[in-house]
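Inside the fold
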Amino acid sequence: MNKHKKYNPNPITKIIVLLLISFSVTAVYGKYASLGIVIIFSILYFLLGKRKEGIKNLGFYMILFICLNDVDMKNLPAFFYMFATIIFIIKMFYLPFMAGAFLIKTTDVGSIVTSLDKLHVSKNLSIPIATMFRFGPSFKEEYKNIRFAMKMRGISLKKPLLAMEYIYVPLLSISSEIAEDIAKYAETKALSDPCKKVRLRQVSFGIIDFLFIGSIIGIMVVDLL
């Protein structure tokens, strides 16, 4: 990520874009407006060296785009209408989900905490957000370890009851341990201390921030005209 740092927007910019997309989730964009927003995020993934994420992001939305392209939902049979409605809902909520996933996958905890401090966000909100950023990757890593251990022992997920026993029960136990470790980390870093913090990671705005937020707002404005 370091060598692609100049292409990584400021966390504040990502949060603003996330809020813009989330608040306009009910807006009915034109046929290509949503696709344009998705392409912008995929380009950023590529610039940050996350080509797999960029391809998955664009590929999944293209499937949704093709499925509902030029489809008159009113004239569909009941079953296909229900199926098309589900796809439409997924497509509508995909943009805020995509923006949130981009924020999480391309932002480290130090940068997000520094950004929230610059926005003067209350500690009651910033500390839980920092905890969430720490908890997610740890939880995902533990899940991979459990699946790898099951694969080594030849245990499959064909039986749901076994899946609950071998995956969910250990994850519940591990979750409490992860939460306890994160609480210790927070106390060690004195996150709740009201004194002024000295941040090792500094956040600043660059050309990529103006291009990113400008292109998103531009697409929204042009689509409304």
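Residues numbered from 1 in each chain as written. Predicted model: local features only at pLDDT ≥ 70, side-chain atom pairs only at ≥ 80, totals over all residues. Heavy atoms only, no water.

**Details of the overall build of the protein**
- Each helix and strand counted, the protein has 8 helices and 0 strands in total.
- Helices and strands in the protein line up, N terminus first, as α-α-α-α-α-α-α-α.
- Taking all 225 residues of the protein together, the buried fraction comes to 33%.
- The contacts of the protein with a sequence gap of at least 6 include a subset with a gap of at least 24, amounting to 76%.
- Of the roughly 14800 Å² of accessible surface on the protein, a fraction of 68% belongs to carbon and sulfur atoms. (Helix = DSSP H or I, 4+ residues; strand = E, 2+ residues; numbered from the N terminus. Buried < 20%, exposed > 50% of the residue type's maximum accessible area, 1.4 Å probe, protein only. Contact = heavy atoms within 4.5 Å. Areas by Shrake-Rupley, 256 points an atom, 1.4 Å probe, with all protein chains shown as cover.)

**Examining the pattern of salt bridges**
- Enumeration according to the criterion identifies 1 salt bridge in this entry.
- Lys105 is the partner of Glu53 in a salt bridge, and the nearest nitrogen-oxygen pair spans 2.8 Å. Separated by 52 residues along the polypeptide, Glu53 in helix 3 (residues 51-68) and Lys105 in helix 4 (residues 78-105) bring together distant segments of the chain.
- Since its relative accessible area comes to 21%, Glu53 is described here as partly exposed.
- A relative accessible area of 40% means that Lys105 is categorised as partly exposed. (Salt bridge = Lys/Arg side-chain N within 4 Å of Asp/Glu carboxyl O.)

**Things to note about the packing of helix 2 (residues 33-47) against helix 8 (residues 207-224)**
- Viewed as axis vectors pointing N to C, helix 2 and helix 8 meet at an angle of 170 degrees, and their least axial separation amounts to 9 Å. Overall, the two elements helix 2 and helix 8 adopt an arrangement that is roughly antiparallel. Here Ala33, Gly36, Ile37, Ile40, Phe41 and Leu44 of helix 2 lie close against helix 8, whose contacting residues are Ile208, Phe212, Ser215, Ile216, Ile219 and Asp223.
- For the contact of helix 2 with helix 8, the class distribution of residues is 9 nonpolar, 2 polar and 1 charged. (Axes fitted to C-alpha atoms, helices over the stretch in contact; angles between N-to-C directions. Parallel < 35°, antiparallel > 145°, perpendicular 65-115°, else oblique. Nonpolar A, V, L, I, M, F, W, Y, C, P; charged D, E, K, R; others polar.)

**Let's talk about the confidence of the model for the protein**
- Per-residue confidence for the protein gives a mean pLDDT of 77; residues scoring 70 or more make up 77%.
- Summarising per-element confidence for the protein, the mean pLDDT is lowest in helix 7 (residues 160-188) (73) and highest in helix 2 (89). (pLDDT = per-residue confidence, 0-100.)

**Some details on the nonpolar core**
- One finds Ile21, Phe41 and Ile216 to be the most contacted residues of the largest nonpolar core, which totals 33 residues.
- Where this core is concerned, the elements lending two or more residues are helix 1 (11-23), helix 2, helix 3, helix 4, helix 5 (109-118), helix 6 (123-152) and helix 8.
- In contact with Ile21, other than residues within four places in its own chain, are Ile37, Phe41, Leu95, Pro96, Ala99 and Met220.
- Listed in part, the 7 residues of the second largest apolar core include Ile146, Met150, Ile167 and Ile174. (Core = buried A, V, L, I, M, F, W, Y, C linked by side-chain atoms within 4.5 Å.)

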